[in-house]
Amino acid sequence: MGRKVLSGPKTLRGQIIVIILLALVTVIGAGRALDNFTKTDYAVPNLENAAERVKTIALLMAQASPAERASILENARQAGLDVSLAPVSLAEKFRGSQEMQGVAETIIDFLFPPDGEPPLGGWRAFLDGRRVIAERVDDQTMLVLFGFPDTVLTSSFLSPGSYYFIAVVVLIVFFFVFAIIAITEPIKRISETATESDINNSSQIFEERGTIEIVSLARALNGMRNRIRLMVDGRTRMLRGISHDVRTPLTRLRLRTERMEDEVLREALLADIDHIDDLLAESLNYLRDEYATEEVERVDVASILQTVCSDFSDVGFEVTYEGPNKFIANCRPLSITRLVTNLCDNAMKFASKANVRLHEGEAGFSISVADDGPGIPEDLTVKVFEPFFKVDASRTGRAGFGLGLSIVADIAHSHRGSVTLQSHQPRGLVVRITVPRLTT
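Residues numbered from 1 in each chain as written. Predicted model: local features only at pLDDT ≥ 70, side-chain atom pairs only at ≥ 80, totals over all residues. Heavy atoms only, no water.

**Notes on the packing of helix 9 (residues 333-350) against helix 10 (residues 404-414)**
The criterion, for reference: Axes here refer to lines fitted to C-alpha atoms; in helices the fit is confined to the stretch in contact. Angles between the N-to-C directions go from 0 to 180 degrees. Each helix is a run of H or I in the DSSP string that is no shorter than four residues. Each strand is a run of E no shorter than two, and both are numbered from the N terminus. An angle counts as roughly parallel when it lies under 35 degrees, as roughly antiparallel when it exceeds 145, as roughly perpendicular when it falls between 65 and 115, and as oblique in every other case. Whether a crossing is left-handed or right-handed is set by the direction in which the near helix is turned from the far one by less than a right angle, anticlockwise for left-handed and clockwise for right-handed. The contact criterion used is simple: two residues touch if any of their non-hydrogen atoms lie within 4.5 Å.
Contact geometry of helix 9 with helix 10 gives a least axis separation of 9 Å together with a crossing angle of 150°. On the basis of the axis angle, helix 9 is roughly antiparallel to helix 10. In this structure, helix 9 crosses over helix 10, and the sense of that crossing is left-handed. Facing helix 9, whose interface residues are Ser 335, Arg 338, Leu 339, Asn 342 and Leu 343, helix 10 presents Gly 404, Leu 405, Ile 407, Val 408, Ile 411 and Ala 412.

**Concerning helix 2 (residues 47-62)**
Each α-helix turn comprises 3.6 residues. Residues three or four places apart therefore point the same way. Under the convention used in this document: One less than the residue count of a helix, multiplied by 1.5 Å, gives the span that helix is expected to have. The rule is simple: take the accessible area with a 1.4 Å probe, protein chains only, and divide by the maximum for that residue type; under 20% is buried, over 50% is exposed, in between is partly exposed.
Taking 1.5 Å per residue as the helical rise, helix 2 with its 16 residues ought to reach 22 Å, and the 22 Å between its terminal C-alpha atoms agrees with that figure. Along helix 2, the positions that sit buried rather than exposed are Leu 47, Glu 48, Ala 50, Ala 51, Val 54, Ile 57, Ala 58 and Met 61.

**Structural notes on a negative patch on the surface**
What counts is decided by this rule: The residues that make up patches have over 30% relative accessible area and no salt bridge, and they are joined within 9 Å when like-charged or within 5 Å when they are Val, Leu, Ile, Met, Phe, Trp or Tyr. Surface accessibility in these figures is a Shrake-Rupley result with a 1.4 Å probe; residues are shielded only by whichever protein chains are displayed. When a carboxyl oxygen of Asp or Glu is within 4 Å of a side-chain nitrogen of Lys or Arg, the pair counts as a salt bridge. For the purpose of counting charges, residues Lys and Arg are taken to be positive, whereas Asp and Glu are taken to be negative. His and the chain ends are not included. Charged side chains are reduced to one point each, which is NZ for Lys, CZ for Arg, CG for Asp and CD for Glu.
Together, Glu 261, Asp 262, Glu 263 and Glu 267 line one region of the surface with negative charge. Tracing the backbone through its elements, the reader meets Glu 261 in the loop between helix 6 (212-258) and helix 7 (263-287). Residue classification places Glu 261 among the exposed positions, given a relative accessible area of 80%.

**What to know about helix 10**
When we look at burial in helix 10, the residues that qualify are Leu 405, Ser 406, Ile 407, Val 408, Ala 409, Ile 411 and Ala 412. Residue Arg 416 follows helix 10 closely and has a positive phi angle near 60°.

**What about the packing of aromatic side chains?**
Rules: Two rings from Phe, Tyr or Trp (for Trp, the six-membered ring) form a pair when their centres are within 6.5 Å of each other. A pair whose planes differ by under 30 degrees is stacked, one over 60 is edge-to-face, and the rest are tilted.
Evaluated as defined, the whole model comprises two aromatic pairs. Considering the side-chain rings of Phe 327 and Phe 365, the 5.6 Å spacing of their centres and the 70° angle between planes classify their relative orientation as edge-to-face. Placement of the pair is Phe 327 in the loop between strand 6 (318-322) and strand 7 (328-331) and Phe 365 in strand 9 (residues 364-371), with a sequence separation of 38 residues.

**Comments concerning the pairing of strand 9**
Worth spelling out the cut-off: Should DSSP find at least two bridges between two strands, the strands are taken to pair.
With eight of eight residues buried, strand 9 lies mostly within the body of the structure. Neither face of strand 9 is open: one carries Gly 364, Ser 366, Ser 368 and Ala 370, the other Phe 365, Ile 367, Val 369 and Asp 371, and all of them are buried. The sheet contact formed by strand 8 (residues 353-361) and strand 9 spans eight bridges and is antiparallel. Bridged to Glu 360 within strand 9 is Phe 365. Linkage of strand 8 to strand 9, two consecutive antiparallel strands, is achieved through a turn of two residues.

**A closer look at the nonpolar core**
One recurring pattern in soluble globular proteins is that nonpolar side chains are buried together. Rule in force here: What is meant by a nonpolar core is a set of buried Ala, Val, Leu, Ile, Met, Phe, Trp, Tyr and Cys residues, joined one to another through side-chain atoms within 4.5 Å.
Of all hydrophobic cores here, the largest spans 41 residues; its most connected members are Val 301, Val 340, Val 356, Ile 367 and Ile 433. Elements with a contribution of two residues or more to this core: helix 8 (301-314), strand 7, helix 9, strand 8, strand 9, helix 10, strand 10 (418-423) and strand 11 (429-436). With residues up to four places along the chain from it excluded, the contact list for Ile 433 reads Leu 339, Leu 343, Phe 365, Ser 366, Ile 367, Val 408, Ala 412, Ser 418 and Val 419. Ala 58, Ala 76, Val 83 and Ile 133 belong to the second largest nonpolar core, which has 16 residues in total.

**Some words on the pairing of strand 2 (residues 120-127)**
Where strand 2 and strand 3 (residues 130-136) come together, four bridges link them in antiparallel fashion. Across the sheet, the residue bridging to Ala 125 is Val 132, located in strand 3. Counted along the chain from strand 2 to the antiparallel partner strand 3, the turn is two residues long, and its residue Asp 128 has a positive phi close to 55°.

So, in structure tokens, the structure goes:
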């Protein structure tokens, strides 16, 4: 027979109840232990007992003659009590503690009031700098006890105070640990996973463990991610199917156009056919998102950038490289190659030269491509990253289809990086990609 494994509550509500019960048991046990420890190891003055003694002696004196009062007073002094008789009018000279100390003591007296009726002048009365406890004997006389220590560590404060102190400490510690283990850490784990997750990854990315609420949240996020992935895959399949179906009649249309005798019309139609064909190719290239599934490798980023610049220079474009000759970092090499190629190709459509710069930093590296073209209006620096958006009105040259910067942004985001556009002085545009340090 298998053994049943006992486990704690699976919900946050149940765990909070358990924490409260454990805290209550701990407070009772630890409070009693601290109370017993202070009573046995420390001479804690008992304010209530001292006031009760003074009151008892005062009651005896109230029924005694002057000679008997002197005898009672002498016996009390022999018992170790520093008591004396004084006029009741002397109570007007009773003072409280110093101002700052009095505030603290007032708060303590409010939170931990001694039991019983307060003596003459209150529980905290001072005469000539000495703390006193006074009780009225008759209309003209009062009994005053001197020598009571001026301390807040009395039994009336320490007994309940120990429980209050233990309760506060235990609740803070228990709920602090509980918040870290049951709430903060799972939410942090889910947040980090969401930041680093890839929608094209078919595996479950949010770990479904912890309390029922955390598991439900992770399961809901996994479900939402799967639905988004299915929606994106459906859209991609649809567009690829449309592109494939359009190419067949487009090829027939090209063959028929090439047989036309009207040369002017033939060239115009072929130009439109080429434009449609290029648009289909660019769209398929945009949908070919291998940068999202490519593995991170440790490669020489400087060598990749130098190769791209050399390829453009070999076909007559003025593209130069500036940076270290060798820089090893973790990245997706094919994606970085595609990113820099798109930026250089985009620059050569609207500018006469471009400069590719690699900068190494403590947190990663950055790639910037600067050209001398017409630039991009500042109010469009965000919109240009949308697919198929073009700024032909402000730039001149070979117009593209508005997918280059979209692919660049997607590749940068797949590296958990960012893309920024800046004006290049005296004219032109600077595209800067920042890539943080990645692990393989």
